[in-house]
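What follows is each chain in one-letter form.
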Amino acid sequence: MKREKPKLVSEDGVRHDGRRLDELRPVKMEVGVLSNASGSAYVEFGKTRVIAAVYGPREPPQRYMVLPHRAVLRCRYHMAPFSTDERKNPAPSRREIEISKVIREALEPVVMSEAFPRTSIDVFIEVISADGGTRTAALNAASLALADAGVPMRDLVAAVAVGKVDGYLVLDIDQVEDNYGEADMPVAMAPSLNMVTLLQLNGVLSPQEFSQALNLALKGVNEVYKLQKETLRNKYLVRVE
Amino acid sequence: MSVTPTSPDSIIPRLKAETLSSLTKKGVRADGRGLEDFREVKIITNYLPKADGSALVKLGDTQVLVGVKIELGSPYPDTPEEGVLVVSAEFVPTASPAFEPGPPDENAIELARVIDRVLREYGVIDTSKLAIIPGRKAWVVWIDIYVLDHGGNLIDASAIATLAALLTTRIPKYTVSENELIQVDKSSFSGPLPVVRKAVTVTIGKLGDSLIVDPTIEEEKVVSSKLIVGVGEDGSIAGLQKSGDGYLTLQEVEKAIQLALKKGGELLAKIAESVKSPEATSAGSAGTPSVEGEKPPESNA
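**Q** I tried to follow the overall build of chain A on my own but got confused; where do I start?
**A** Broken down by element type, chain A carries four helices and nine strands. Order of helices (α) and strands (β) in chain A, N terminus to C terminus: β-β-β-β-α-β-α-β-β-α-β-β-α. Scaling as 2.2 N^0.38, a compact globule of 241 residues should have a C-alpha radius of gyration of about 18 Å, and chain A matches this with 18 Å. Dimensions of chain A along its principal axes, counting C-alpha atoms only, are 55 × 50 × 35 Å. Taken across its 241 residues, chain A has 51% of its residues classed as buried. Considering only contacts in chain A between residues 6 or more positions apart, those separated by 24 or more positions represent 69%.

Next comes the structure, spelled out in structure tokens:
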């Protein structure tokens, strides 16, 4: 059935779930949630929930899949069959293949792969509940899991999506806002190094709107970055009396 | 699963890499272009006799063939009054020693999905004109991108070829009988495909600290990352994709987009010139290839 577009942002700038335009959903982060993985993380943005595990650096299953001067990064973004409204076929979709690629490419600039020649560093991300912004949540979890695994990194990668909904630019769009909105722009950065490591735009923006959207994303990225560092500090900070 | 490329085809001798980046610093490129120049673009429309729309595009050494087929199908349940758009890309093994036969890899999937997003989000095709019996029958526009020769910047070549092919696509004649049976007559046409807005992509490569337009295959091996920018005819940004293992700074992103918008406008003007009037190009072309002095490349395509 053809669905009518609901009103998602009120005149006084309040969103359908009560958030302000520049407000993140309630965020939860935890590291070290799995026992077998070298590092792991759980990340929640509202009803979006993901788990990431890092294995390695290790010898890859196929020995030819190595490089003499650095580690290879292997990355899989995968959605659980029960993560969506309608059951998702567990076979990797074209969307998941593309997202695995952009997530790997977003991590490549920060992972110090040159320290581990002839090995692979594997990042596995499972989306267990999808309510919009899964690739950015996945990247946040992957970055935390790499840190938890003790893989040397130049910086953490923090990610958030900005959307255009009812003509307003909004931070951290959820599923409904994505479905009915005009644009969805996921951004990932290594904030301390001024590196944009992931940038996608699904939708149309004027150059002025884009600049505003990028600024809003930067604000969100810095908030997420702070939460990531707090999460790692809570786990690993040792106070000496 | 996505893996850091390990194929020897992705490796370039250091000497060559250094030459390319030192040239770029001086503002020139190995093939004599300036940093902001596209290679020569050649567009041949109505290249294929059996497709409902087609174009062969040559962008330097890169050759991309796009065939559009219009077929009867069912609309999506959430858009019952609209036609359907499907974009696929094949990197056939004729195109490069790095391409293996088999299902599309992540690069082919990324290319098809980026072009799909630009077409869909910018509203290039007015899909509301493609419903036949609302909720039951609609036209499906199959866009198949065939990369024939890989000389770098496949995505912009594909976007140009896709737009040129769509501009020359015509909808077959059809009749709906009283009991809603649809008869399609592919020997004649009911009209052009409703292409209502035009958009292309412009790929900006980051080579050292410089930004270059339309990288060749050799430059792509040295480029640390690329920003693919969808450019609409009204100067809006119709999609973005950062691709490659590197990064861009915030300032580079803004600069790349400004550059892409400027180059995109030029590219759209060039396409408009090559594809002047779809009606005049080949009346009743089904079965009569209207190839002008061009032989198909030697492939099994």
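We are not done yet, so read on.
**Q** Teacher, can you tell me more about unusual backbone geometry here?
**A** Excluding glycine, most residues fall at negative phi; most peptide bonds, likewise, are trans. Residues and elements named next belong to chain A. Between Gly-56 and Pro-57 the backbone carries a cis peptide bond, its omega angle lying at 5°. Relative to the helices and strands, Pro-57 resides in strand S3 (residues 48-58). Positive phi, close to 50°, is recorded for Asp-166, a residue that is not glycine. Its location among the elements puts Asp-166 in the loop between strand S6 (158-165) and strand S7 (168-171). The class of Asp-166 is partly exposed, set by 18 C-beta atoms lying within 10 Å.

**Q** Help me understand the pairing of strand S13 (residues 237-243) of chain B in this model?
**A** The side chains of a regular strand alternate between the sheet's two faces. Of all seven residues making up S13 of chain B, seven are buried, and the element is well covered by its neighbours. In this structure, strand S9 (residues 195-203) of chain A lies alongside S13 of chain B, joined through two bridges in antiparallel fashion. What sits directly across from Leu-201 of chain A, in S13 of chain B, is Leu-240 of chain B. Sheet topology places strand S12 (residues 225-232) of chain B next to S13 of chain B; five bridges connect them, and they run antiparallel. Bridge pairing in S13 of chain B links Lys-226 of chain B to Ser-243 of chain B. Linkage of S12 of chain B to S13 of chain B, two consecutive antiparallel strands, is achieved through a turn of four residues, within which Gly-235 of chain B is found at a positive phi near 85°.

**Q** Would you take a moment to explain helix H4 (residues 207-236) of chain A for this structure?
**A** For an α-helix, 3.6 residues make a turn, and residues three or four places apart therefore share a direction. Over its 30 residues, H4 of chain A runs 43 Å from end to end, which matches the ideal 44 Å to within 8%, given 1.5 Å per residue. For H4 of chain A, the full list of buried residues reads Glu-209, Phe-210, Ala-213, Leu-214, Leu-216, Ala-217, Gly-220, Val-221, Val-224, Tyr-225, Gln-228 and Thr-231 of chain A.

**Q** Looking at this model, I keep getting lost on the environment of Ile-171 of chain B. Mind explaining?
**A** Residue and element names in this part refer to chain B. Locating Ile-171 in the fold gives a position in strand S8 (residues 170-176). Spatially, the C-alpha atoms of Ile-171 and Lys-69 are 9.2 Å apart, while their sequence positions differ by 102 residues. Not counting residues up to four positions away in its chain, the partners in contact with Ile-171 are Ile-70, Trp-139, Phe-189, Ser-190, Gly-191 and Leu-193.

**Q** Looking at this structure, I do not really get the sheet that holds strand S1 (residues 2-3) of chain B. What am I missing?
**A** Strand pairing in a sheet is mediated by backbone hydrogen bonds. Such pairs are either parallel or antiparallel. One open sheet accounts for six strands, arranged S1(A)-S2(A)-S3(A)-S5(A)-S4(A)-S1(B); its pairing is mixed. Edge positions in the sheet fall to strand S1 (27-31) of chain A together with S1 of chain B, since each has one partner strand and no second. Two elements, S1 of chain A and strand S2 (residues 39-45) of chain A, share five bridges in a ladder whose sense is antiparallel. If you follow Val-27 of chain A over to S2 of chain A, its bridge partner there is Phe-45 of chain A.

**Q** Quick question: what am I supposed to make of the confidence of the model for chain B here?
**A** Keep in mind that low pLDDT regions are not for reading the predicted coordinates in detail. Residues and elements named next belong to chain B. Per-residue pLDDT for chain B has a mean of 90; in total, 91% of the residues score no lower than 70. Low confidence marks residues 278-301, where pLDDT is under 50. Its contacts with residues over four positions away, or in another chain, come to 34 contacts. Predicted complex metrics record ipTM = 0.95 and pTM = 0.92.

**Q** What am I meant to see in the pairing of S12 of chain B here?
**A** Residues and elements named next belong to chain B. The element S12 is largely enclosed, with a buried count of eight among its eight residues. The pairing of strand S10 (residues 199-207) with S12 spans eight bridges and is classified as antiparallel. In the sheet register, Val-202 faces S12, and the bridge partner there is Val-229.

**Q** Can you help me understand the nonpolar core in this one?
**A** Looking at soluble globular proteins, one finds that nonpolar side chains tend to be buried together. The biggest cluster of nonpolar side chains holds 155 residues, and the ones touching the most others in it are Ala-52, Ala-141 and Val-187 of chain A. Tallying contributions element by element places helix H3 (residues 154-167) of chain B first for this core, with 11 residues.

**Q** Where do I start with the packing of helix H1 (residues 94-107) of chain A against helix H2 (residues 134-148) of chain A in this structure?
**A** To describe two helices that pack against each other, one gives the angle between their axes and the distance between the axes. All names here are of chain A. Orientation of H1 relative to H2, taken along the N-to-C sense of each, is 40°, at an axis distance of 11 Å. One way to sum up the angle between H1 and H2 is to call them oblique. For the pair H1 and H2, the sense of crossing is right-handed. Along its contact with H1, which presents Ile-99, Ile-103, Ala-106 and Leu-107, the element H2 presents Arg-135, Ala-138, Leu-139 and Ala-142. Grouping the constituent residues of the contact of H1 with H2 by class yields seven nonpolar, no polar and one charged.

**Q** I keep staring at the interface of chain B and chain A and nothing clicks. Help me out?
**A** By a widespread convention, an interface's size corresponds to the accessible area lost as its parts come together. Facing the 37 residues of chain B at the interface are 37 residues of chain A. Looking at the side of chain B that touches chain A, the elements with two or more residues in it are S1, helix H2 (106-122), S13 and helix H5 (250-274) of chain B. Within the side of chain B that touches chain A, the residues separate by chemical class into 15 nonpolar, 12 polar and 10 charged.

**Q** How do you make sense of the sheet that holds S7 of chain A when you look at a structure like this?
**A** Spatially, the eight strands line up as an open sheet ordered S7(A)-S6(A)-S8(A)-S9(A)-S13(B)-S12(B)-S10(B)-S11(B), and their pairing is antiparallel. Two strands close off the open sheet at either side, each with one partner strand: S7 of chain A together with strand S11 (210-213) of chain B. On average, adjacent strands in this sheet sit at an angle of 20° to one another, irrespective of strand direction. Contacts between H2 of chain B and the sheet are confined to S9 of chain A together with S10, S12 and S13 of chain B, with S13 of chain B contributing the most and set at about 160° to the helix. Contacts between H5 of chain B and the sheet are confined to S9 of chain A together with S10, S11, S12 and S13 of chain B, with S10 of chain B contributing the most and set at about 140° to the helix.

**Q** Can you help me understand H3 of chain B in this one?
**A** Helix length check: H3 of chain B, at 14 residues, gives a terminal C-alpha distance of 20 Å against a target of 20 Å (1.5 Å per residue), a fit within 8%. Along H3 of chain B, 14 of the 14 residues are buried, which leaves the element largely enclosed by surrounding structure.

What counts, and where the lines are drawn
Residues numbered from 1 in each chain as written. Chains lettered and ligands numbered in written order. Predicted model: local features only at pLDDT ≥ 70, side-chain atom pairs only at ≥ 80, totals over all residues. Helix = DSSP H or I, 4+ residues; strand = E, 2+ residues; numbered from the N terminus. Rg over C-alpha atoms; globule rule 2.2 N^0.38 Å. Buried ≥ 20, exposed ≤ 12 C-beta atoms within 10 Å, placed from the backbone. Contact = placed C-beta atoms within 7 Å. Pairing = 2+ DSSP bridges. Expected span 1.5 Å × (residues − 1). pLDDT = per-residue confidence, 0-100. Core = buried A, V, L, I, M, F, W, Y, C linked by C-beta atoms within 7 Å. Axes fitted to C-alpha atoms, helices over the stretch in contact; angles between N-to-C directions. Parallel < 35°, antiparallel > 145°, perpendicular 65-115°, else oblique. Left-handed = near helix turned anticlockwise from the far one by under 90°. Nonpolar A, V, L, I, M, F, W, Y, C, P; charged D, E, K, R; others polar.

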